[in-house]
Amino acid sequence: MEVSSRPLERVLEWLVPLVCTFTVLVTATVLAGWATASERLTRVVFLPGAGVMMPLTAVGLCCAGCALWLLRKKPGERLTRGLGMTLALLVVALGGLVLLQYATRRDLGIDHLFFEDTLARLAPRLPGRPSPLTAASMMLLGFALLLLHVRLRSGWHPARPLALLVALVSTQALIGYAYLEKDPLTAFIGLQAFGLYTPMALHSALLFLLLSVGILSVHPRHGLMGVLLRDDAGGLMARRLLPAVVALPLLVWGLRLVSEELGFRSGPFGTSVFALVTVLAFVLLLARNANALSRLDARQREVAQSLRISEARFAGIVNNAADAIIAVDEQRNLTLFNTGAERIFGYAAVEVLGRPMDLLLSEPLELPARNAAGTHRGDEERTPLSGRRKSGEVFPAEATLADVRVDDVAFRAVILRDMSARVRAEEARRNREELFRTAFDHAPIGMSLVGLDGHFLNVNEALGQMLGYSREELCAVTFQDLTHPEDLEEDLLQVRRLLDGELGTYQLEKRYHHKLGHSVSVLLTASLVHDSRGRPLHFISQVQDISERKQQEREQRLLAEAGPRLASSLDPGTTVTTVSRLLVPALADFCVVTMIDEHGKVQRRECLASTQQKTWVMEELFGAYPQVHLRRGHELAEVFMSGQPLLLEEVPASLLESTAEDARHLELLRRLAPRSVIVVPLSARGHTVGVVALGTSESGRSYGRRDLALVEELARRAALALDNASLHARSEEATHLRDEVLRIVAHDLRAPLNVISLSAGTMMKRSPSERAADSRPLTSIQKAVTRATALIEDLLDVARMQGGSLTVDRRPESTVALLTESLELHRALAEAQSVQLQLDVGPDTPDLFVDRDRVLQLFSNLIGNALKFTPMGGCIVLRARPWGEMVRCSVSDTGSGIPPEDQLHLFEPFWQARSRAKEGAGLGLTIVKGITEAHGGRVWVDSQPGLGTTFYCSLPAVHSVDSALTWHV
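Note that the structure is a prediction, hence the values are computed from the model and not measured.

A count of helical and extended segments in the protein chain gives 34 helices and 22 strands. Residues classed as buried in the protein chain amount to 42% of the 969 residues present. For the protein chain, contacts bridging at least 24 residues in sequence account for 63% of all contacts bridging at least 6. When the accessible area of the protein chain is evaluated, it comes to approximately 51800 Å², of which 58% is carbon and sulfur surface.

Quick look at the structure:
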């Protein structure tokens, strides 16, 4: 069985620290004994003749132990090394001074430097001076420490012989103590001539021996320790024989001394027995070592066989390797060229072995310097290079270089791999990646790589422009964050089906949120990318912007829907309502459709918003300020007059402030919150019949030229429908008016004509004197003519209103004077019927800007109508109050009131309630409405059965007409 040197190496690693620690502990104990005058501590070992360690010896050994600890490693710190050298010099100095005292026979006083009183008490016969051998050993030990790491050119360390000499001296002292010698070595070499001294103590000799062994162990691979640590047969033999060589002589001589002490030496066979025992011991030692060498030889044969097997295996691997395996010696010549190298380079092994390695390379390869200290394979590194085949072809390669050193033989192993196929594959892969990247980045449609969790991994520029985000912003969000909530569920369903393998790809129309807030309609085509094992990696998506197509589809649907809906009715009111409902909410959040005749009179207005609250805001706005939008400079008025559309892509806040009449008006405009506005005229057959204003608010949409074109087309169709409805309505009114006129001419004119005929017949039958005496027939004829004339005037006024030719000549008029005159015209008739007339004009009511005769006719019809249905003792009140930019006038009576079902027809021509007596032609309230609307106002009624009736009409005030349209007069 082989005995390895590794256990001994591990022992030597711990030997120096243990020796230093043990030395410091023993010397500290001795110094403590001298300090406390304890003889037990100063001797440490209580054996006969063991001796006492002097204080100087303890100090020197302690310094030697500390110096050995500090100097045991060569590359130590400067402070540590300086302190160690100082302690070693101190050891040399102590030993040298003691020897100087012995040589000169002079007392230098160093013996009593420490514990003088204790020395006199514990050792009165001794001066406390160490023995000459102790001093010499101390000095030699100090020099060995100073020269611990010094190595001569010949390779040996001078510290080793010094330490070996100290070990021999201390070993002799220990053996002397073991054999109980009475005469010490100092007597043998004549040192007694130096005078009285203390012999080397037992524990002093032990510490010297340990410190010398510690010095020899600092460099274990050299000298005697190096012999013991070798792994060859010599080292094995040395390790096995050393214990026997040391122990056997000591045991044999010990037996001899014991036999002499017991008196066996003079007995029979005493000498022969001693010789026989010695021979037997050495024979046993020889047999033991022979067996060890035999086992070592068997082990070496096994190792050799394993080596041959390994070499055969290695040769098989090398020869069958696909890569080129080459060995190069220190002169860069090829020493190994395997089959893989032959295949790669095209050379046979016999053609290149022994030739330089540069034969195989297109350019010389700079080999890194070898690690001279290494004994095995060094660090490997991969080096790209260019190889050259036998045909001269240069190819890319990759080489792994490794320095191999076996004992004193060093070579460099090169494993070279032909990278041609890989380079071509990498180039093809890079080309494919570049092709994909170019197609991805420069695709005209949006492209994206999306992770399984929905995060965008990469996007192209087209997608960023489509959604208004940068690439970095998109890669920080998920597609779920950008998808419209109504489309997200369907999109996630398709994603799950894609992950489950139900689909290979899917296509979906969906909406994304643009960065500016609006929606972008896209056609999404998504596929799932898998790795080589079939596991899903990420999604690849193609996103095509179909907002334009969707917009066209919406426009086509809207226009296609508009035709039938606009043609479904010939009623202008229904057509106006249809127009507003086509625009809201498909194109606008609110709109107002205003019908205006050629004289600037508002015929109809329709307000509609996407929410009921905003509809109420619009009704309140146009109800309180009906004339603002008809002034010159206002958008609606300018569009109506010019016939050109208006597009406000953004409505600035300054525009609302400049348009507002007062704080309340500005508040209503801000509540409406227009963001983008389009105003287009309703033009048909060469004339404008109205305007359409639409805007966006809470939806955040901004109008563009495309929206303007769509609204213009829709307005054109609506204008045709409205014009057709207006023409139809006029035709119907003309037919109705004709029938009513015929009825009135046939009925209502018959009564005055009959009166005229009868009165004229009566007068014809009378004599001239009777005619002169009785004028009643003439009076009757005059009254009948007056009534017929009034009826004809009413018919003409209604005809003018129906034909749109009723004109008014407006001038500023005093409100109080005009209303007073109206009452006074009916004062006599009211007093005759015992009806009280009252006037109530507010103190802050402005003057009116009206046609005086027409307004007198308006109030005459209202007051006359009230007198007809007010009972005796009743009261009629004429009031006037400011109402925005208008003046609201009202006529209230205390009559029986008007049923709700009749109130809807009050202002229709020729209409009369069935429950009332047929008085007049039924044109009075129609004329009232026509005159009011001709002034730009409106008329309405408030009546409850049994509580009376109030007719209201709004007329323009003087301050509100300065900026009004002149064509409105």
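A few words on the packing of aromatic side chains. This model, assessed by the stated rule, comprises five aromatic pairs. With 6.2 Å between their ring centres and 40° between their planes, Phe337 and Phe345 make a pair best called tilted. Residue Phe337 shares its accessibility class with Phe345, and that shared class is buried. Ring geometry for Phe436 versus Phe440: centroids 5.6 Å apart, planes at 35°, classification tilted. A residue pair is termed a helical-turn pair when its members lie 3 or 4 positions apart in one helix, as Phe436 and Phe440 do in helix H15 (residues 420-441) at four residues. A connected cluster of aromatic rings, assembled from ring pairs, spans Phe337, Phe345 and Phe395. If you follow Arg389 out to its NZ or CZ, it ends over the ring of Phe395, 4.0 Å from the centre. Taking NZ or CZ as reference, Arg938 lies 4.5 Å from the ring centre of Trp940, over its face.

So, about the state of the cysteines. Counted by the stated rule, this structure contains zero disulfides. In this model Cys20 remains outside any disulfide bridge; the closest cysteine sulfur is found in Cys66, 7.8 Å from its own. Left without a disulfide partner, Cys953 is nearest to the cysteine sulfur of Cys889, which lies 5.0 Å away. For Cys953, a relative accessible area of 0% translates into the label buried.

In space, the five strands of this open sheet follow the order S12-S11-S15-S14-S13, with antiparallel pairing throughout. Strand pairing shows two members of the sheet lacking a second neighbour, strand S12 (602-609) and strand S13 (646-648), which therefore form its edges. Going from strand to strand, the sheet's axes swing by 10° on average, the running direction of each strand aside. Bridge analysis of strand S11 (residues 590-596) against S12 gives seven bridges, and the strand direction is antiparallel. The partner of Thr594 across the bridge, within S12, is Arg605.

Owing to its 3.6 residues per turn, the α-helix brings residues three or four apart onto one side. The end-to-end C-alpha distance of helix H4 (residues 78-104), which contains 27 residues, comes to 38 Å, matching closely the 39 Å that a straight helix rising 1.5 Å per residue would cover. Among the residues of H4, Gly84, Leu87, Ala88, Val91, Val92, Leu94, Gly95, Val98, Gln101 and Tyr102 are the ones counted as buried. Those residues of H4 hidden inside the fold are in contact with helix H3 (55-71) and helix H6 (132-146).

Mapped onto the elements of the fold, Ser954 is located in strand S22 (residues 948-956). At 2.9 Å, the side chain of Ser954 and the backbone nitrogen of Arg938 are in polar contact. Residues within four places of Ser954 in sequence aside, it is in contact with Trp883, Met886, Val887, Arg888, Thr932, Gly937, Arg938 and Trp940.

Another aspect to go through is the environment of Arg72. Relative to the helices and strands, Arg72 resides in the loop between H3 and H4. According to the relative accessible area criterion, Arg72 is partly exposed, its value standing at 25%. In this structure the C-alpha to C-alpha distance between Arg72 and Gly214, which are 142 residues apart in sequence, comes to 9.1 Å.

For the protein chain, the mean per-residue pLDDT works out to 77, and 73% of the residues sit at or above 70. Summarising per-element confidence for the protein chain, the mean pLDDT is lowest in helix H8 (residues 185-188) (45) and highest in strand S7 (residues 456-459) (92). Considering only residues more than four positions removed or in separate chains, one finds that residues 183-191, a stretch of pLDDT under 50, has eleven contacts. Counted against residues more than four places away or in other chains, residues 372-379, with its pLDDT under 50, gives 13 contacts.

Nonpolar side chains collect at one region of the surface, where Leu97, Leu100 and Leu108 lie side by side and expose about 230 Å² of accessible area between them. Tracing the sequence through the fold places Leu100 in helix H4.

Another aspect to go through is the pattern of salt bridges. In the structure shown here, the tally under the stated rule is 30 salt bridges. Between Lys390 and Glu351 there is a salt bridge; the shortest N-O distance is 3.0 Å. A residue pair is termed long-range when its members are at least 10 positions apart, and Lys390 in the loop between strand S3 (381-388) and strand S4 (394-406) and Glu351 in helix H14 (residues 349-352) qualify at 39 residues. Between Asp840 and Arg881 there is a salt bridge; the shortest N-O distance is 2.8 Å. One end of the pair, Asp840, is in strand S17 (residues 836-841); the other, Arg881, is in strand S19 (residues 875-883), with 41 residues separating them in the sequence. Using a relative accessible area of 28% as the deciding quantity, one classes Asp840 as partly exposed. Here the salt bridges do not stand alone but share partners, grouping Glu434, Arg437, Asp441 and Arg471 into one network.

This part takes up the nonpolar core. Within the largest apolar cluster, 52 residues are counted, with the highest numbers of intra-cluster contacts made by Leu68, Leu145, Met200, Phe208, Leu211 and Ile215. Take this core: its biggest share by element is nine residues, from H3. Sequence-distant contacts of Met200, defined by excluding residues within four places in its chain, comprise Ser131, Leu133, Thr134, Ser137, Val169, Ala173, Tyr177, Ala205 and Phe208. In terms of nonpolar packing, the next biggest core, distinct from the first, is built from 35 residues, Leu837, Leu858, Cys889 and Leu906 among them.

Put simply, H3 and H6 touch, their axes get as near as 10 Å, and they point 15° apart. By the angle between their directions, the pair H3 and H6 is classed as roughly parallel. Judged by the sense of rotation from one axis to the other, the crossing of H3 with H6 is left-handed. Taken together, the residues of H6 that come into contact with H3 (itself represented by Leu56, Thr57, Gly60, Ala64, Ala67, Leu68 and Leu71) are Thr134, Met138, Leu141 and Leu145. Residues of the contact of H3 with H6, tallied by class, amount to eight nonpolar, three polar and no charged.

Let's shift gears to the sheet that holds strand S20 (residues 886-892). Judged by pairing direction, the sheet is mixed, and its five strands sit side by side in the order S17-S19-S20-S22-S21 without closing on themselves. Two strands in the sheet have a free side with no partner beyond their single neighbour: S17 and strand S21 (939-944). Averaged over all neighbouring strand pairs, the angle between strand axes comes to 15°, with direction disregarded. Sitting on the sheet, helix H32 (residues 852-869) is in contact with S19, S20 and S22, with an inclination near 175° to S22.

A word on unusual backbone geometry. With an omega of 0°, the peptide bond between Val584 and Pro585 qualifies as cis. Looking at where Pro585 falls in the secondary structure, it is placed in the loop between helix H21 (572-583) and S11. A positive phi angle, close to 65°, is found at Arg332, a residue other than glycine. Despite not being glycine, Ala673 shows a phi value in the positive range, around 50°. Residue placement: Ala673 occurs in the loop between helix H25 (663-672) and strand S14 (676-684). Classification of Ala673 as partly exposed rests on a relative accessible area of 34%.

Using the criterion set out here, one finds six cavities of 30 Å³ or more in the structure. Its volume calculated, the largest cavity comes out at about 440 Å³. Along its surface, the largest cavity is lined by 26 residues, and His634, Glu635, Leu636, Leu669 and Leu672 are the ones closest to its centre. Elements represented by at least two residues in the lining of the largest cavity include exactly S11, helix H22 (612-624), helix H23 (635-642), S13, helix H24 (653-659), H25, S14 and strand S15 (687-696). Looking at the lining of the largest cavity residue by residue, the class counts come to 20 nonpolar, five polar and one charged. Breaking the lining of the second largest cavity down by element, the ones donating at least two residues are strand S6 (446-451), helix H19 (485-499), strand S8 (505-513), strand S9 (519-530) and strand S10 (536-545). Of the residues forming the lining of the second largest cavity, the biggest block, three residues, is contributed by S10.

Quick look at the environment of Gly464 now. Relative to the helices and strands, Gly464 resides in helix H16 (residues 461-467). Taking relative accessible area as the criterion, Gly464 reaches 8% and is therefore assigned buried. Once the C-alpha coordinates of Gly464 and Lys515 are considered, the two residues, 51 residues apart in sequence, prove to be 9.9 Å apart. Residues within four places of Gly464 in sequence aside, it is in contact with Tyr469 and Leu474.

How each quantity is defined
- Residues numbered from 1 in each chain as written.
- Predicted model: local features only at pLDDT ≥ 70, side-chain atom pairs only at ≥ 80, totals over all residues.
- Heavy atoms only, no water.
- Helix = DSSP H or I, 4+ residues; strand = E, 2+ residues; numbered from the N terminus.
- Buried < 20%, exposed > 50% of the residue type's maximum accessible area, 1.4 Å probe, protein only.
- Contact = heavy atoms within 4.5 Å.
- Areas by Shrake-Rupley, 256 points an atom, 1.4 Å probe, with all protein chains shown as cover.
- Phe/Tyr/Trp six-rings, centres within 6.5 Å; stacked < 30°, edge-to-face > 60°.
- Lys NZ or Arg CZ within 6 Å of the ring centre and 35° of its normal.
- Disulfide = S-S within 2.5 Å.
- Pairing = 2+ DSSP bridges.
- Axes fitted to C-alpha atoms, helices over the stretch in contact; angles between N-to-C directions.
- Expected span 1.5 Å × (residues − 1).
- Polar contact = N/O pair within 3.5 Å; in protein donor to acceptor, adjacent residues only side chain to side chain.
- pLDDT = per-residue confidence, 0-100.
- Patch = residues over 30% accessible without salt bridge, like charges linked within 9 Å, V, L, I, M, F, W, Y side chains within 5 Å.
- Salt bridge = Lys/Arg side-chain N within 4 Å of Asp/Glu carboxyl O.
- Core = buried A, V, L, I, M, F, W, Y, C linked by side-chain atoms within 4.5 Å.
- Parallel < 35°, antiparallel > 145°, perpendicular 65-115°, else oblique.
- Left-handed = near helix turned anticlockwise from the far one by under 90°.
- Nonpolar A, V, L, I, M, F, W, Y, C, P; charged D, E, K, R; others polar.
- 1 Å grid on protein atoms, 1.4 Å probe; cavity = no way out; pocket = protein on both sides within 12 Å on 5 of 7 lines; lining within 4 Å.
- Points joined across faces, edges and corners; volume = space filled by probe spheres on them.

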